[in-house]
Amino acid sequence: MTNPDVLAKRLLQRAHTRDGLAEILIGLTFLMVAATQYAWSVLPHQGLWFRVTVLVYAFGFPVVCFAGPRWLRALRRRYLVEREGYVEHLPRPNPWRRAWLVGVAAVAVVLAQVALHPLPDYWVTGFTGVGSGALALVCGRAPRFYFVGAVMAVTGLGVAFARLPMENGFLILFGVMGALELTMGTAAWIRFMGETRRAVSDGR
Amino acid sequence: MGGKIARLGEVDRIIHEPARLMVVALLAAVKEADFQYLLNATELSKGNLSVHLSKLQEAGYIDIEKTFRGKYPLTICRLTDRGREVLAEYRRILKAAL
């Protein structure tokens, strides 16, 4: 006996993650963060390019996080409707709920940082890896997400136990997470394109 | 409690079938979706999905509209009010029994 609401949520999630585009976007975002970390470690702190990377990090990252889902929706509707199919979602019953959740998550991250402050820096990297891994497990609910989540957690813990400085730790962690997400997303995308080839050639 | 469990026998047989329950649950969570989207989300075969959609349409639980988006033909499915009522009743019986 299946609860229809839970079933619907899982089916919508499956439809959302089936083409791998969400993972590709997340992978590129993580790689952007890793590249910024790398740039900060090599660029002179008074230089123009250093300031540019700070601006990219400060504005680019939130913009991708908030606008990313809309970009994906627009991309699917504009170019992929014959493969993805068409769906019109219900309007959000409470649009402020998401803003509240984002706010609560931001406060939780700040509180976690305050709580972790007495610990050495490398544990922040460790907890980030474990937290990201847990998030991948909860959000994905598919074998490939379990794999990605496990690798994220292991990488975070590995970096923590290696006692790397935070900058290098984040560079490795986000680099690995980004490369992994991008690879898995691209593999899912190629498989999806192959599976939906008939839908395009047959028409509906 | 026993009475509530006994009510499980009253669940609507049309939407109780797993494939049709997937379709109805999905359509209840969105405004409308086309055949290809349902095919991707449920991972049923084309023929199988087509048969289940016909049964749901015959029962009056979904509306099917054939239209175009640009040059692409779309078969858009929507849950009817009757379909929502039946799903709500199904949900009520299930919650009470489990």
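Undergrad: Sorry if this is basic, but what is going on with helix α4 (residues 35–42) of chain B here?
TA: Helical periodicity: at 3.6 residues per turn, an α-helix aligns residues three or four positions apart in one direction. Residue and element names in this part refer to chain B. Along α4, 8 of the 8 residues are buried, which leaves the element largely enclosed by surrounding structure. Within α4, burial applies to Phe35, Gln36, Tyr37, Leu38, Leu39, Asn40, Ala41 and Thr42. Phi for Glu43, located one or two positions after α4, is positive at around 60°.

Undergrad: Can you walk me through the interface of chain A and chain B in this structure?
TA: Note on interface size: it is often stated as the accessible area lost on association of the parts. On the chain B side, the residues contacting the 23 residues of chain A number 29 residues. When residues of the side of chain A that touches chain B are traced back to their parent elements, those giving at least two are α1 (4–17), α4 (81–84) and β1 (87–89) of chain A. Of the residues contributing to the side of chain A that touches chain B, the split by class is 12 nonpolar, 5 polar and 6 charged. Inspection of the sheet shows β1 of chain A paired to strand β1 (residues 30–34) of chain B by 3 bridges, in the antiparallel sense. Among the inter-strand pairings, His89 of chain A is bridged to a residue of β1 of chain B, identified as Val30 of chain B.

Undergrad: Explain the pairing of strand β3 (residues 72–79) of chain B here, please?
TA: Where a strand is regular, its side chains alternate between the two sheet faces. All names here are of chain B. Summarising the sheet, β1 and β3 pair through 2 bridges and their orientation is antiparallel. Residue pairing for β3: Asp34 is matched across the bridge by Ile76. Strand direction decides the pairing type here: strand β2 (residues 62–69) and β3, joined by 8 bridges, are antiparallel. Residue Thr67 lies in a different strand from β3, and its bridge partner there is Leu74. Taken together, β2 and the strand that follows it, β3, pair antiparallel across an intervening segment of 2 residues, in which Gly70 is found at a positive phi of about 65°.

Undergrad: Teacher, can you tell me more about the environment of Arg78 of chain A here?
TA: Within the secondary structure, Arg78 of chain A sits in helix α3 (residues 48–79). When the C-alpha atoms of Arg78 of chain A and Ala179 of chain A are compared, they prove to be 27 Å apart, with 101 residues separating the residues in sequence.

What counts as what
- Residues numbered from 1 in each chain as written.
- Chains lettered and ligands numbered in written order.
- Predicted model: local features only at pLDDT ≥ 70, side-chain atom pairs only at ≥ 80, totals over all residues.
- Buried ≥ 20, exposed ≤ 12 C-beta atoms within 10 Å, placed from the backbone.
- Helix = DSSP H or I, 4+ residues; strand = E, 2+ residues; numbered from the N terminus.
- Contact = placed C-beta atoms within 7 Å.
- Nonpolar A, V, L, I, M, F, W, Y, C, P; charged D, E, K, R; others polar.
- Pairing = 2+ DSSP bridges.

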